[in-house]
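Survey of secondary and tertiary structure
So you can see what is in the structure, the chains are spelled out below.
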Amino acid sequence: MLQFWLQFSSRTSETLKTTSGLIKVGQVNDINMNNTHFIYQLPNKHAPILGIFFIAHACTHSAYDFWPRQLMCPHCVGLSEEVAVADKALNAGYLVVVVTSRDRRSGCWGNKEDTKQVSDVLDFLQTTHTQVSALPVLAYGCSSGGAFAWRFAQQGQIAGVIIQVMSVSIRPNLWAAKHPFPVVFNAMPKDKDTTEAMHNNADSLINLYATYFGNVTAASELIVVKDCTALPVTISYLMNRLYYINISIIDAEAIIRVLKQSGYLDNLTNLLLKDPTNIQNDWRSILQRDPKTNSILAKRSIILTKGKSPLAKALHRCWAFHEYCSDYLTDDLAWFKKNVKKQRV
C-alpha cells in the first residue's frame, strides 16, 4: 500500500501519515498523526455537510471497527453495529471521524492525553476541510467512550452528545450548566443498574438545565432518553447488519435454523435465549459443527474471532445488555439538526 507524508498547518506544523493517497470525498482515510490514530470519511453525496460526527469507541476496541476491510483500510475489521453507526451518520450528511484511544492495553479512554489528541484531530479536520470549520461537532460514545464523550463535551467544542450504556457525572460546575447542549441517553434495560443510573442522569441534567433556562419545559426539550431493547434474530436483520459480507436469504435462514435447533433462539419470537457474549454459551462451535453453516462461514469469510466478528456483534446487539445501538441514530441526528447551534460552540 502506498504511503505518503503530508504537511499541514493548524496551531503548529504537524506530520500526517496515511495509507490511502489523496484525500477524496467518500474515501476512508486511515491516518496516524504524531502517535494519534484516527479514521475519517466525508459523506459521499452532493448535499451540504451538516457537521462532524466524532465517535469514541468502547474499551478493547479501536477506530478500525467502524469500517469494513477495504483497499483504503486493510486493517479495518468492520464490526456490524459499529459499521451501522458510521453508515447512518454518513448518510445523514456528517463527516465521520473515529479516534483510537491512547491506552492500547485496555482500549479504554483516559483524560488529558485523549482529550488533547481528540482536540488535535478536530483542529486538523476543521483546518483541512474548511467546509466543516464553522459547523457543529457532535460526539457519540459507547461505554467508556460514552463517559469520555461527555467529559470531552465539557471542553466547549461539542454541540451535542449521544451517550450509550454508561452513566456519567452531572455536576453544577460543568460547562453544560452554563452552555446547555442537546444530549441523548441510550440505555439497555437488561443492564438494570446502568439503565437506572442513566435515567437518573437525564433527570439530573434536566434539573441542571432548568436552572439556566428558568423552567423545566425548555430544559426537557434538550434531553432525550431512549432505551435499546432486545431484537429478534431475523433474516432481514442479519442481511441488513451484515450487508457488506453479502449474506443471502439462504445463508441467514441456515444460521437461524441452527441457532434454534441448539436452543439459542426462541422458535416463535426469534429472540436469543442465551447470552452470546458468555464464552460458556459456545454458539461459534455450534455453527462450525453444522456442515451447512460451516460452509457459509467459509464461503462468506465470516470471522468468528472474539472482538473481530461482525456476526458476533450482530448477536450482541440482539441480546442488548452492554452494546452499541444504532437503531435510533437517524432520528436522533434529525433531532440534533433542529436543536444544535449552527455555529461552533
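Everything below is about the structure shown above.
Cut-offs and rules
- Residues numbered from 1 in each chain as written.
- Predicted model: local features only at pLDDT ≥ 70, side-chain atom pairs only at ≥ 80, totals over all residues.
- Heavy atoms only, no water.
- Helix = DSSP H or I, 4+ residues; strand = E, 2+ residues; numbered from the N terminus.
- Buried < 20%, exposed > 50% of the residue type's maximum accessible area, 1.4 Å probe, protein only.
- Polar contact = N/O pair within 3.5 Å; in protein donor to acceptor, adjacent residues only side chain to side chain.
- Salt bridge = Lys/Arg side-chain N within 4 Å of Asp/Glu carboxyl O.
- Axes fitted to C-alpha atoms, helices over the stretch in contact; angles between N-to-C directions.
- Parallel < 35°, antiparallel > 145°, perpendicular 65-115°, else oblique.
- Left-handed = near helix turned anticlockwise from the far one by under 90°.
- Contact = heavy atoms within 4.5 Å.
- Nonpolar A, V, L, I, M, F, W, Y, C, P; charged D, E, K, R; others polar.
- Phe/Tyr/Trp six-rings, centres within 6.5 Å; stacked < 30°, edge-to-face > 60°.
- Lys NZ or Arg CZ within 6 Å of the ring centre and 35° of its normal.

**Some remarks on the side chain of Asn186**
With respect to the helices and strands, Asn186 occurs in strand 9 (residues 183-187). Here Asn186 falls in the buried class, since its relative accessible area comes to 2%. In this structure the side chain of Asn186 is engaged in a polar contact, spanning 2.8 Å, whose partner is the side chain of Gln164. Among the polar contacts made by the side chain of Asn186, one reaches the main-chain carbonyl oxygen of Lys226 at a distance of 3.0 Å.

**Regarding the pattern of salt bridges**
A full pass over the atoms with the stated rule returns 10 salt bridges. We note a salt bridge from Glu82 to Lys313, for which the minimum N-O separation is 2.4 Å. Taken together, the positions of Glu82 in helix 1 (residues 80-92) and Lys313 in helix 11 (residues 310-319) put the pair 231 residues apart, joining distant regions of the chain. In this structure, Glu82 and Lys313 share a single accessibility class: buried. For Lys299, the salt bridge is made with Asp251, and the minimal N-O distance between the two is 3.7 Å. With Lys299 in helix 10 (residues 291-299) and Asp251 in helix 8 (residues 249-261), the pair connects residues that are 48 residues apart, well separated along the chain. For Lys299, a relative accessible area of 52% gives the class exposed. Residues participating in the shared-partner salt-bridge network are Glu81, Arg241, Arg317 and Asp327.

**Quick word on the packing of helix 8 against helix 10**
As a packed pair, helix 8 and helix 10 sit with axes 9 Å apart at the nearest point and diverge in direction by 135 degrees. It follows that helix 8 is oblique to helix 10 by the angle criterion. Seen from above, helix 8 lies across helix 10 with left-handed handedness. Of the residues in helix 10, those touching helix 8 at Ile250, Asp251, Ala254, Ile255, Arg257 and Val258 are Lys292, Thr293, Ile296 and Lys299. A per-class count over the contact of helix 8 with helix 10 returns five nonpolar, one polar and four charged.

**Regarding the packing of aromatic side chains**
The final tally for this structure, using the stated rule, is 15 aromatic pairs. With 5.8 Å between their ring centres and 45 degrees between their planes, Phe53 and Tyr140 make a pair best called tilted. Of this pair, Phe53 sits in strand 5 (residues 51-56) while Tyr140 is found in strand 7 (residues 137-142), placing the two residues 87 residues apart along the sequence. Both residues of the pair, Phe53 and Tyr140, count as buried. Where Tyr212 meets Phe213, the ring centres are 5.1 Å apart and the plane angle is 90 degrees; that geometry is what we call edge-to-face. Since its relative accessible area comes to 47%, Tyr212 is described here as partly exposed. You can call Phe213 partly exposed: its relative accessible area is 34%. Aromatic ring contacts, followed pair by pair, group Phe54, Trp109, Phe148 and Phe152 into a single cluster. The aromatic ring of Trp319 is capped on one face by Lys190, whose charged end is 3.2 Å from the ring centroid. The positively charged end of Lys274 is found above the aromatic ring belonging to Tyr264, 4.9 Å away from the centroid.

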